[in-house]
Amino acid sequence: MALRAGPNNAAFVHLTYVPWIAAAGELKTKPTQHTVQKMREIGIQPDVLLCRADREIPDEERDKISLFTNVRADRRDLDVGRGHDLQGAAQLHEQRLDELICMKLQLLTKSRRSEALGQLVYEVEHPQHEVRIAMCGKYTDLSDSYKSLNEALRHAGIHNHARVKIEYVDSESLTVDNIDQLASFDAILVPGGFGKRGVEGKILTAQYAREHRIPYLGICLGMQVATIEVARHLAGLTDANSTEFDPQTPHPVIALIEEWQDRDGTIQKRDANSDLAHHASGCAKLRRDAGHAGVPDLWQGRHGTPSPPLRGERALLDRLREAGLVISAITQREKLTEIVELPQSQHPWFVGVQFHPEFKSTPWDGHPLFTSFVKAALEHQREALVEKVAA
């Protein structure tokens, strides 16, 4: 890419690790030297090195790294990132990393976000509130499984002046006997996933959130289990399910898509043995009719369809709507469900989306869906406190 773009249209920023060896009592620069050497063997010379360490890198080690990597140390492009990521970004800005990159790319501009970055750092370090959100999934043993969701919630917290504390709940372990553990949370999020394992626990979670009026957000599979829950317990379709989990269900409120048209017009096909992790881009409009959750008008996000959007028969859709489920957004071409929710007369904030809005969230802007969700969590927390004081 650098060869095609030209020398002033590409910049290489290389992140390396400088470990502290306690037995030797010193930082070791050999890993950085070797990784840069390997890059240079394939024709890549870093313009900038970002060196991660758990302490300040002394000038002697900086000079050694500079000598063996051919990156000038006096340009202050060797740095130590400590604290949270926004703090690290502010530190890099103070060391004029953004200016260095612009110089390399010959972009005649000045940084415009120094004040905004400082405000973000302040919000992270001085939250006015704290909310507890339950993440009910089945990959809770892997810390990075829901990394994008975690970050989107953090961004939403920043824009609500709140620290978001996320606690993981294994959906496989949830039963009618222990579901009350969710009562202490300010909101509940059910993320996406693959396969049948843990699905009944997620359906139970959606039911508990609905019946106890706890703000609920379902992402992808989380939207589907919410639809199944409403079908079973509000629409009277006791055996309702997704054909992914029960191909013989008499009430397939969620069904696998066998054929669809991509954005470029090509026809894609899939059967029961196909890879379910199809990705496409999606855009849907959510109505703001009276009584709806009041979340913003436009959602944009990337699709992940481990089991595709709601595509039931007309009779099933009518039964769901009669039960109160609002089909608030559909794709314009395929007429597939993108967003479902409950009206505020039934629940203060209950929304499920088929796409993945977390991939569109940034610290600067957040995503309106997550910002609204955290706001609802704060409101639920305040109402619970009022009820507790009144009692």
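A short tour of the structure in this document, coming up. Since this is a predicted model, take the numbers as computed values, not measurements. (Residues numbered from 1 in each chain as written. Predicted model: local features only at pLDDT ≥ 70, side-chain atom pairs only at ≥ 80, totals over all residues. Heavy atoms only, no water.)

## Section: the overall build of the chain
Short version of the rule: Runs of H or I in DSSP of at least four residues are treated as helices and runs of E of at least two as strands, each being numbered from the N terminus. Only protein chains enter the area calculation, which uses a 1.4 Å probe; residues under 20% of their type maximum are buried, those over 50% are exposed, and those in between are partly exposed. Contacts: residue pairs with any heavy atoms within 4.5 Å of one another. Per-residue accessibility takes into account occlusion by the displayed protein chains alone, with areas from the Shrake-Rupley method and a 1.4 Å probe.
The secondary structure content of the chain amounts to 11 helices and 18 strands. Put simply, the chain has 391 residues, and 47% of those count as buried. Across the chain, contacts joining residues at least 24 apart in sequence account for 67% of those joining residues at least 6 apart. Entry remark: accessible area of the chain is about 20,500 Å², with carbon and sulfur atoms responsible for 50%.

## Some details on the sheet that holds strand S8 (residues 216-219)
Put simply, the rule is: Strand pairing is assigned whenever DSSP detects at least two bridges linking the two strands. As a rule, the C-alpha atoms of each element are fitted with a line to give its axis, helices using only the stretch in contact, and angles between N-to-C directions run from 0 to 180 degrees.
On the basis of which strands lie adjacent, the open sheet formed by 7 strands has the order S6-S5-S7-S8-S17-S16-S15 and mixed pairing. Taken across any chain shown, the strands that pair with only one partner, and hence form the sheet edges, are strand S6 (162-170) and strand S15 (326-330). With strand direction ignored, the average angle separating the axes of adjacent strands in the sheet is 20°. Direction of pairing for strand S5 (residues 129-137) relative to strand S7 (residues 187-190): parallel, over a ladder of 3 bridges. Across the sheet, the residue bridging to Ala134 is Ile188, located in S7. Lying on the sheet, helix H9 (residues 221-233) is in contact with S7, S8, strand S16 (337-341) and strand S17 (350-353); it crosses S8 at an angle near 120°.

## A word on the environment of Val199
With respect to the element layout, Val199 can be found in helix H8 (residues 199-211). Judged by its relative accessible area of 3%, Val199 falls in the buried class. Along the backbone, Val199 and Val225 are 26 residues apart, and their C-alpha atoms lie at a distance of 7.3 Å. Ignoring anything within four residues of it in the chain, the contact list for Val199 reads Leu221, Val225 and Phe245.

## Here we look at the nonpolar core
Worth spelling out the cut-off: Definition of nonpolar core: a set of buried residues of the types Ala, Val, Leu, Ile, Met, Phe, Trp, Tyr and Cys, connected through side-chain atoms within 4.5 Å.
In this structure, Cys136, Leu182, Ile188, Tyr216 and Val253 are the most contacted members of the largest nonpolar core, which totals 38 residues. When residues of this core are traced back to their parent elements, those giving at least two are S5, S7, H8, H9, strand S10 (251-254) and helix H10 (314-322). By residue number, the principal contributor to this core is H9, which donates 7 residues. By size, the runner-up hydrophobic cluster in this structure holds 28 residues, among which are Tyr146, Ala187, Val351 and Leu378.

## Quick word on helix H3 (residues 59-69)
The condition is simple: What the arc measures is the spread of directions leading from the helix axis to the C-beta atoms.
All buried positions along H3 are accounted for by Glu61, Arg62, Ile65, Ser66 and Thr69. Viewed along the axis of H3, the buried residues span an arc of 140°, placing them on a single side of the element. When the buried face of H3 is taken as reference, the exposed residues oriented beyond 90 degrees from it are Asp59, Glu60 and Leu67. Those residues of H3 that are buried lie in contact with strand S3 (26-27), helix H2 (30-41) and strand S4 (48-52).

## Here we look at the packing of H8 against H9
Heads up, the rule is: The cut-offs work like this: below 35 degrees is roughly parallel, past 145 is roughly antiparallel, 65 to 115 is roughly perpendicular, and the gaps in between are oblique. Note on convention: the crossing is left-handed when the near helix lies turned anticlockwise from the far helix by less than a right angle, right-handed when the turn is clockwise. Polar here means any residue outside two lists: the nonpolar Ala, Val, Leu, Ile, Met, Phe, Trp, Tyr, Cys and Pro, and the charged Asp, Glu, Lys and Arg; Gly therefore counts as polar.
Relative to each other, H8 and H9 sit at 70°, their axes nearing to 8 Å. Classed by the angle they form, the pair H8 and H9 counts as roughly perpendicular. Handedness of the crossing formed by H8 with H9: right-handed. Residues Val199, Glu200, Lys202, Ile203, Ala206, Gln207 and Arg210 of H8 pack against Leu221, Val225, Ala226, Ile228, Glu229, Arg232 and His233 of H9. In the contact of H8 with H9, the residues fall into 7 nonpolar, 2 polar and 5 charged.

## Examining the packing of aromatic side chains
Our working rule: Aromatic contacts are taken between Phe, Tyr and Trp rings whose centres are within 6.5 Å, Trp giving its six-membered ring; a plane angle under 30 degrees counts as stacked, one over 60 as edge-to-face, and the others as tilted. The rule is short: NZ of Lys or CZ of Arg within 6 Å of the ring centre and within 35 degrees of the ring normal puts a charge over the ring.
Considering all chains together, one arrives at 4 aromatic pairs under this definition. Relative to Tyr146, the ring of Tyr139 lies with its centre 6.3 Å away and its plane at 35°, an arrangement referred to as tilted. Classification of Tyr146 by relative accessible area gives buried; the value is 5%. Seen in terms of ring centroids, Tyr216 and Phe350 are 4.7 Å apart; in terms of plane orientation they differ by 15°. Their pairing is stacked. Of this pair, Tyr216 sits in strand S8 while Phe350 sits in strand S17, and the two are 134 residues apart along the sequence. Residue Tyr216 is classed as buried on the basis of its relative accessible area, which comes to 0%. Here the aromatic residues Tyr139, Tyr146 and Tyr168 are joined through ring pairs into a cluster of three or more. Lying across the ring of Trp20, Arg55 places its NZ or CZ 3.9 Å from the centre. Lying over the aromatic face of Phe185, Arg132 brings its terminal NZ or CZ to 4.4 Å of the ring centre.

## Re the packing of helix H7 (residues 147-158) against helix H11 (residues 368-390)
Between two packed helices, the angle of one axis relative to the other and the distance separating the axes together describe the packing. Put simply, H7 and H11 touch, their axes get as near as 8 Å, and they point 65° apart. If you check the angle between H7 and H11, you find them roughly perpendicular. Handedness of the H7/H11 crossing: right-handed. Where H7 abuts H11, its residues Leu149, Ala152, Leu153, Ala156 and Gly157 lie against Phe370, Thr371, Phe373 and Val374. A class-by-class count of the residues in the contact of H7 with H11 yields 7 nonpolar, 2 polar and no charged.

## Some words on the pattern of salt bridges
This is how the line gets drawn: Should a side-chain nitrogen of Lys or Arg be within 4 Å of a carboxyl oxygen of Asp or Glu, the pair is scored as a salt bridge.
Considering all chains together, one arrives at 13 salt bridges under this definition. Residue Glu56 is joined to Arg62 by a salt bridge in which the shortest nitrogen-to-oxygen separation is 3.2 Å. Residue Glu56 is classed as partly exposed on the basis of its relative accessible area, which comes to 46%. Here the salt bridges do not stand alone but share partners, grouping Lys147, Glu151 and Arg154 into one network.

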